[in-house]
Structure formats: structure tokens, C-alpha cells
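Coordinates in review
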Amino acid sequence: MDPAHNTSAAEIGGSNGNATVSDDSKESLDQVINSINKSLVVLHQLHLSLSSSLTPSSQLHLLPRLNSLVSELNSISKLSEKCNIQIPMEVLSLIDDGKNPDEFARDVLNSCVARNQATKGKTDAFKELRKHILEELEETFPDEVDKYREIRATSAAVSTKRLAQSQTVLPNGDAKVKSEL
């Protein structure tokens, strides 16, 4: 195996900690992918060696290839310990069934859209209920509803003022929120 690909995440980040955890994890993942690709090449070479007739001369090439495969699998095992990737069991089941794992992502997205629509429907229903109750209250208690609306307007103005004070607008139009300590 190439020594350049044998560096650990700690060596990559250095002693001053300039690299972030995600950079270390990405580097480790890249190393695992590289090692998997090397293992696939060795497996292909082994397959070609075994599919042809086994002669004493071809057996000489078999042992180094087997040793190389064991070395790459050991490397994958060690490098994978540095990668913290969680894959849903449903995705693995889809792959085992020979299906495309993108189906899982599509199903999750469709589920989120359906839940979002249901939540939006509930929110709209509560808004309509509030509007209806205010209309009924205004017919029955007009003075109290006027006081309620004044209180709500004052409260909204104070909230808006606090929000404006806690945010600074950046040159690109984004708002910078001040941390409250």
C-alpha cells in the first residue's frame, strides 16, 4: 500500500488542530474509498488468475495477490474506524434486494412533504379558528377585542424592536444575530 495513503487523521490535522473534524472524516472516507478500489482491483486480478487454468507459474502470482488482498482488507478495517457514517438499515435492505438506494431518499423526501402538508393544513385550520373566534368575540365584546388588538400591536412592536436591536444587517443583506450571553 502507498505510504502516502497511510496517514492518520491526527497526522493530517497536525498538532495545531487547523483541520476540522469533518475534514478529517472526509479524508478518512477518501482513504477508505481508495482502499476499497484497490481491493476490487486485486479481487479482479484474483478472479482472472483463478478462472484461467491453474498452472505452477500462475500459482506463483496467486500468493502475492492474496497477501495484497488481506493487506487491503486490513487497511479498510483500520481506516473505517475513523469514519463515523451511519447508514439506515432500510438502505442496506434495499441494496441487498438489488434496488437503488435513491429510492429510500425519494421515499423519505415524499414522507417529509406529506407531513409538511399535513402540518400546514393544521396550521391553516388554527388560523381560521382564531379568525372565526375573533369575529365572534368582536360581535359580542367589541371593547375587549379592541383592547386585545391594542395589546397585541404593542407586543408585536416591542418584539420587532428587540429583534431589530439584536440583529445587524451585513453588506450582502443577511442579518447578523448578536448572541445573548
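All values derive from a computational prediction rather than experimental measurement.

Here we come to the overall build of the protein chain. For the protein chain, the helix and strand inventory stands at 6 helices and 2 strands. Tracing the protein chain from N to C terminus, the helices and strands come up as α-α-α-α-α-α-β-β. Per-residue burial over the protein chain gives 13% buried out of 181 residues.

Looking now at a negative patch on the surface. On the surface, a cluster of negative charge is contributed by Glu-128, Glu-135, Glu-136 and Glu-139. Secondary-structure assignment places Glu-135 in helix H5 (residues 102-140).

Bringing the confidence of the model for the protein chain into the picture now. Per-residue pLDDT for the protein chain averages 80, and the proportion of residues at 70 or more is 79%. By mean pLDDT, helix H1 (residues 9-13) is the weakest element of the protein chain at 36, and H5 is the strongest at 94.

Interaxial distance between H5 and helix H6 (residues 142-166) falls to 6 Å at its minimum, and their mutual angle equals 130°. As summarised for this structure, H5 and H6 are arranged oblique, according to the angle between their axes. Contacts between H5 and H6 involve Arg-130, Leu-134, Leu-137, Glu-138, Glu-139 and Thr-140 on the former and, on the latter, Pro-142, Val-145, Tyr-148, Arg-149 and Arg-152. Residues of the contact of H5 with H6, tallied by class, amount to 5 nonpolar, 1 polar and 5 charged.

The tally for this structure, following the rule as stated, stands at 3 salt bridges. Its salt-bridge partner being Lys-120, residue Asp-124 comes within 3.1 Å of it at the nearest N-O pair. On the criterion of helical spacing, the pair formed by Asp-124 and Lys-120 is a turn pair, its members being 4 residues apart in helix H5.

About the cut-offs
Residues numbered from 1 in each chain as written. Predicted model: local features only at pLDDT ≥ 70, side-chain atom pairs only at ≥ 80, totals over all residues. Heavy atoms only, no water. Helix = DSSP H or I, 4+ residues; strand = E, 2+ residues; numbered from the N terminus. Buried < 20%, exposed > 50% of the residue type's maximum accessible area, 1.4 Å probe, protein only. Patch = residues over 30% accessible without salt bridge, like charges linked within 9 Å, V, L, I, M, F, W, Y side chains within 5 Å. Areas by Shrake-Rupley, 256 points an atom, 1.4 Å probe, with all protein chains shown as cover. Salt bridge = Lys/Arg side-chain N within 4 Å of Asp/Glu carboxyl O. Lys, Arg positive; Asp, Glu negative; His and termini not counted. Charge placed at Lys NZ, Arg CZ, Asp CG, Glu CD. pLDDT = per-residue confidence, 0-100. Axes fitted to C-alpha atoms, helices over the stretch in contact; angles between N-to-C directions. Parallel < 35°, antiparallel > 145°, perpendicular 65-115°, else oblique. Contact = heavy atoms within 4.5 Å. Nonpolar A, V, L, I, M, F, W, Y, C, P; charged D, E, K, R; others polar.

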